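Spelled out, the chains give:
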Amino acid sequence: MTAKGRATRARIVEGAAEVLRESGVELATLDDVMARTHTSKSQLFHYFPAGKDELLLAVAGYEADRVLEHQEPYLGCLDTWEAWERWRDATVERYEEQGDRCPLGTLSLYLGRSTPGARAVVVALLRQWQAALADGVRALQDAGRLPASVDADERAAALLAAIQGGVGILLATGEVYHLRVALHQAVADLRRLATS
């Protein structure tokens, strides 16, 4: 694919993501995407020959990337307790702004667990997210702020579960309270290990 082709495909995916966020997966149509991205039907099917599901899968990948991008620059440098607190607060704030409309969650449900590509997108995101959190725990250990005996992978898994549990309740109720409490508690528990 040429640079121009990659740019056109990216523009279609970004435009489709905007349409899906505004209208929802069920109501969004390919005509809506074409209108938003100023592309023709032939262009759309050139880049996404399998049609809507292929486009939705590309949008799911795009939304997965955005989940981690929104946590930067904090997620990439969790080497102090202040950095952890900034990451925690930014993460809660992001989900509070998003509210009960989670584009990636909606796409994953729409495409279904049986769609290998959709499941792969979510699995890759969760693995990358957990690895970044584990790197943050190791950064604290390297800086002497956390004992070496703390299992970084286990702590990262617990943090990720706290986030996902809180987000699940947010999607069901529209309330960010549980996410905020779970993430504050998870970081506080991690910090307590530094003094125990």
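Read on for a plain summary of the structure. Keep in mind that this is a model prediction, so the values were computed, not measured.

Cut-off values and rules
- Residues numbered from 1 in each chain as written.
- Predicted model: local features only at pLDDT ≥ 70, side-chain atom pairs only at ≥ 80, totals over all residues.
- Heavy atoms only, no water.
- Salt bridge = Lys/Arg side-chain N within 4 Å of Asp/Glu carboxyl O.
- Helix = DSSP H or I, 4+ residues; strand = E, 2+ residues; numbered from the N terminus.
- Buried < 20%, exposed > 50% of the residue type's maximum accessible area, 1.4 Å probe, protein only.
- Expected span 1.5 Å × (residues − 1).

Here's the deal with the pattern of salt bridges
Next up, step 1: Taken as a whole and assessed by the stated rule, the structure comprises 10 salt bridges.
Next up, step 2: A salt bridge links Arg36 to Glu18; its shortest N-O distance comes to 3.1 Å. With Arg36 in helix α2 (residues 30-37) and Glu18 in helix α1 (residues 3-23), this residue pair connects regions lying 18 residues apart in the sequence.
Next up, step 3: Its relative accessible area of 31% is what places Arg36 among the partly exposed residues.
Next up, step 4: Taking the shortest distance from any N to any O, the salt bridge between Asp153 and Arg138 comes out at 2.9 Å. Of this pair, Asp153 sits in helix α8 (residues 152-173) while Arg138 sits in helix α7 (residues 116-142), and the two are 15 residues apart along the sequence.
Next up, step 5: Accessibility expressed as a relative area gives 43% for Asp153, which makes it partly exposed.
Next up, step 6: The class for Arg138 is partly exposed, based on a relative accessible area of 31%.

Details of helix α5 (residues 81-98)
Next up, step 1: The end-to-end C-alpha distance of α5, which contains 18 residues, comes to 26 Å, matching closely the 26 Å that a straight helix rising 1.5 Å per residue would cover.
Next up, step 2: Listing the buried residues of α5 in full gives Trp81, Ala83, Trp84, Trp87, Arg88, Ala90, Thr91, Val92, Tyr95 and Gln98.

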